[in-house]
Amino acid sequence: MNTGPLNETELEWLDDVLVKYGTDDGVLDVSELDGLLTAVLSAPHEIEPTDWLLAIWGGAQNVPAWESEREMERFMALCFQHMADIAERLEHYPEQFEPVFGTREIEGSEFTIVEEWCFGYMRGVALADWSSLPETLRPELDAIALHGLEANFDKLDTLTPQERDRSIDKLEPAALNLFAYWSTHQIPAPATPVQQPLRAEKTVGRNDPCPCGSGKKFKQCCLH
């Protein structure tokens, strides 16, 4: 697997794939993907790749019917490479950590768009139990949730431009502080029930939908 940060072309390709296969229930762009992966790396316990990969698409029912195995493999490889780069910065080079925020040009001026990243982060938070987060760190999570939950949109609308800029300035240190806490206060992952092997009533073809219900082809899922 390649290492290091993704280049511009690779990020654009990921963006295109998310648009190509995305639904209203899943991750919309690279900014939201970056937020999701940051939260997964900052979780109270390790989150299985299967869980966060399904979260990208908004559940097993939305897993893409990939154009080819090569397309699927490249998407997976770039996701893991980007995740490794985020992890490296969070753990060893926090001064180099920089969320992938979006930008938008309005009347000739460029504005930072953080909502997608924050929505992705909160999507990642939902994959684990953060209830034991100390009260002293609740404001850090609230700073991200302010831009990452629809319930807070009315509150955002009341902010002045200066207040909004200050709220954006809190996001990067909040993410770093949350990672720093959970990296030294890991809790056991909840036990998952043992699943019984699936018994297919008939022979499943390699290109048939997988009987586990993931939405993938059999050859891309439980065949191996």
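Structure: see above.
This text gives an overview of the structure that appears in the document. This is a predicted model, so every value here is computed, not measured. (Residues numbered from 1 in each chain as written. Predicted model: local features only at pLDDT ≥ 70, side-chain atom pairs only at ≥ 80, totals over all residues. Heavy atoms only, no water.)

1. Here we look at the overall build of the chain
- In terms of helices and strands, the chain carries nine helices and two strands.
- In the chain, the succession of helices and strands from N to C terminus is α-α-α-α-β-β-α-α-α-α-α.
- Here the chain holds 224 residues, and the buried ones make up 38% of them.
- For the chain, the share of sequence-separated contacts (at least 6 apart) that also reach a separation of at least 24 residues comes to 67%. (Helix = DSSP H or I, 4+ residues; strand = E, 2+ residues; numbered from the N terminus. Buried < 20%, exposed > 50% of the residue type's maximum accessible area, 1.4 Å probe, protein only. Contact = heavy atoms within 4.5 Å.)

2. Some remarks on the pattern of salt bridges
- Under the definition given, this model contains five salt bridges.
- For K20, the salt bridge goes to E67, with nearest N and O atoms at 2.7 Å. Of this pair, K20 sits in helix α1 (residues 8–21) while E67 is found in the loop between α3 (49–57) and α4 (69–92), placing the two residues 47 residues apart along the sequence.
- For K20, the salt bridge is made with E71, and the minimal N-O distance between the two is 2.8 Å. With K20 in helix α1 and E71 in helix α4, this residue pair connects regions lying 51 residues apart in the sequence.
- Assessed through its relative accessible area of 10%, E71 is described here as buried. (Salt bridge = Lys/Arg side-chain N within 4 Å of Asp/Glu carboxyl O.)

3. Structural notes on the nonpolar core
- W52, I56, W57, F75, Y121 and I144 are the most contacted members of the largest nonpolar core, which totals 50 residues.
- Only α1, α2 (30–41), α3, α4, α5 (115–125), α6 (138–148) and α9 (171–184) provide two or more residues apiece to this core.
- By residue number, the principal contributor to this core is α9, which donates eight residues.
- Setting aside its immediate chain neighbours within four residues, Y121 contacts G35, L36, T38, A39, S42, W130, L141, I144 and L178. (Core = buried A, V, L, I, M, F, W, Y, C linked by side-chain atoms within 4.5 Å.)

4. A closer look at the pairing of strand β2 (residues 109–113)
- Across five bridges, strand β1 (residues 102–106) lies against β2 in antiparallel orientation. Within β2, the position partnered with R104 by the bridge is F111.
- Between the antiparallel neighbours β1 and β2 lie two residues, among them E107 with a positive phi of about 50°. (Pairing = 2+ DSSP bridges.)

5. Digging into α4
- Relative to the 34 Å expected for 24 residues at 1.5 Å per residue, α4 spans 34 Å between its end C-alpha atoms, a close match to the ideal helical length.
- Listed in full, the buried residues belonging to α4 are E71, M72, F75, L78, C79, Q81, H82, M83, D85, I86 and L90.
- Each element contacted by the buried residues of α4 is listed here: α1, α2, α3 and α9. (Expected span 1.5 Å × (residues − 1).)

6. Some words on the environment of S131
- Considering the arrangement of structural elements, one finds S131 in the loop between α5 and α6.
- S131 gets classed as exposed once you look at its relative accessible area, which sits at 52%.
- For the pair S131 and P44, spaced 87 residues apart in the sequence, the C-alpha separation amounts to 9.4 Å.
- Here the side chain of S131 touches D129 through a polar contact of 2.7 Å, side chain to side chain. (Polar contact = N/O pair within 3.5 Å; in protein donor to acceptor, adjacent residues only side chain to side chain.)

7. Regarding the packing of aromatic side chains
- Applying the stated rule across the entire model yields 11 aromatic pairs.
- Taking the centre distance of 5.2 Å and the plane angle of 65° together, the rings of Y21 and W66 count as edge-to-face. Highlighted residues: Y21 in helix α1 and W66 in the loop between α3 and α4, separated in sequence by 45 residues. Taken individually, Y21 and W66 each receive the classification buried, so the pair is uniform in this respect.
- Between the aromatic rings of W57 and F75, the centroid separation amounts to 5.2 Å while the plane-to-plane angle is 40°, which identifies the pairing as tilted. Within this pair, whereas W57 is found in helix α3, its partner F75 is found in helix α4, the two being separated by 18 residues in sequence.
- Note on F75: relative accessible area 1%, which makes it buried.
- Ring pairing ties together the aromatic residues F101, W117, Y121, W130, Y181 and W182, which thus form one cluster. (Phe/Tyr/Trp six-rings, centres within 6.5 Å; stacked < 30°, edge-to-face > 60°.)

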